[in-house]
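Listed below, chain by chain, are the residues.
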Amino acid sequence: MPHSLQPQPLTPEAFAPFGQVLQKDGARNFAINDGTCRRFHDLANVEATGPGGRVIVSLVTGEPSTLPLLVEMVERHPFGSQAFHPLSRNRFLVVVCEDEDGRPVRPRAFLTSPGQGVNYDRNVWHGVLTPLGETSDFLIVDRDGEGDNLEVFTFDEPVLVRAPGE
Ligand SMILES: NC(=O)N[C@@H](O)C(=O)O
Ligand code: NI
């Protein structure tokens, strides 16, 4: 029987084993620029390890998926973290797994609230960026450098992520 998941609301507490939620709510914040701006500070545990490892910032335009969705694979980045922050109010699907002896287990699915982003901790199994609703732009903060920073795992049976309420 394939895994069937109902996506849960994304919260910092629920996501903590996998990384951090990028959001202003609950974040340490302080005024800057003579009070004309408010900085929501130090939201993510950014890592760029290994030979020549460096943090890079990119933009991506993602085509939307619809739920229910069959997730056939997850991936992880052994040398660095990876953050995705939406540049719109469109929501996206977050799928993560725990690791057991190098294999992803116990998949979890989360639905972001508008404006939420995520930072996957280094070497955390995750589904690829999965925008929902419409074509969406995201900022990416992750790692470049030498070595293969991508490990892919294809499930024997796809994981079904159901639509909310289904
Ligand atoms: N490769 C890339 O920029 N994105 C993937 O790693 C992903 O997690 O979507
Ligand atoms: Ni990735």
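Residues numbered from 1 in each chain as written. Chains lettered and ligands numbered in written order. Predicted model: local features only at pLDDT ≥ 70, side-chain atom pairs only at ≥ 80, totals over all residues. Heavy atoms only, no water.

In the annotation of an unreviewed UniProt entry, the protein chain is listed under the name Ureidoglycolate lyase and assigned to Microbaculum marinum. In its Pathway (unreviewed entry) section, UniProt records this for the protein chain: "Nitrogen metabolism; (S)-allantoin degradation." (UniProt positions renumbered as here; feature names shortened; annotations may be inferred.)

On a plain count of helices and strands, the protein chain comes out with one helix and 15 strands. Relative to the 2.2 N^0.38 estimate, which gives 15 Å for 166 residues, the radius of gyration of the protein chain is 16 Å and therefore close to what a compact globule would have. Expressed as lengths along the three principal axes of its C-alpha atoms, the size of the protein chain is roughly 60 × 40 × 30 Å. When each of the 166 residues of the protein chain is scored for burial, the buried share is 39%. Put simply, of all contacts in the protein chain between residues at least 6 apart along the chain, 81% involve residues at least 24 apart. Accessible surface computed for the protein chain: about 8900 Å², of which carbon and sulfur atoms make up 50%. Between the averaged position of the 14 positive side-chain charges in the protein chain and that of its 23 negative side-chain charges there is a distance of 7 Å. (Helix = DSSP H or I, 4+ residues; strand = E, 2+ residues; numbered from the N terminus. Rg over C-alpha atoms; globule rule 2.2 N^0.38 Å. Buried < 20%, exposed > 50% of the residue type's maximum accessible area, 1.4 Å probe, protein only. Contact = heavy atoms within 4.5 Å. Areas by Shrake-Rupley, 256 points an atom, 1.4 Å probe, with all protein chains shown as cover. Lys, Arg positive; Asp, Glu negative; His and termini not counted. Charge placed at Lys NZ, Arg CZ, Asp CG, Glu CD.)

Bringing the packing of aromatic side chains into the picture now. Enumeration according to the criterion identifies seven aromatic pairs in this entry. Note on Phe15 and Phe110: the rings are 6.0 Å apart at their centroids and 85 degrees apart in plane angle, and the pair reads as edge-to-face. With Phe15 in helix α1 (residues 12-15) and Phe110 in strand β10 (residues 103-111), this pair connects stretches of sequence that are 95 residues apart. Note on Phe15: relative accessible area 0%, which makes it buried. Grouping aromatic residues by their ring pairs yields a cluster made of Phe15, Phe18, Phe84, Phe110 and Tyr120. (Phe/Tyr/Trp six-rings, centres within 6.5 Å; stacked < 30°, edge-to-face > 60°.)

Across the sheet, five strands lie side by side as β3-β11-β8-β14-β6; this open sheet has antiparallel pairing. With partners counted over all chains shown, the strands left at the sheet margins are β3 (19-22) and β6 (54-62), one partner each. Put simply, the sheet's adjacent strands are angled 15 degrees from each other on average, direction ignored. Inspection of the sheet shows β3 paired to strand β11 (residues 117-120) by four bridges, in the antiparallel sense. Within β11, the residue paired with Gly19 across the bridge is Tyr120. (Pairing = 2+ DSSP bridges. Axes fitted to C-alpha atoms, helices over the stretch in contact; angles between N-to-C directions.)

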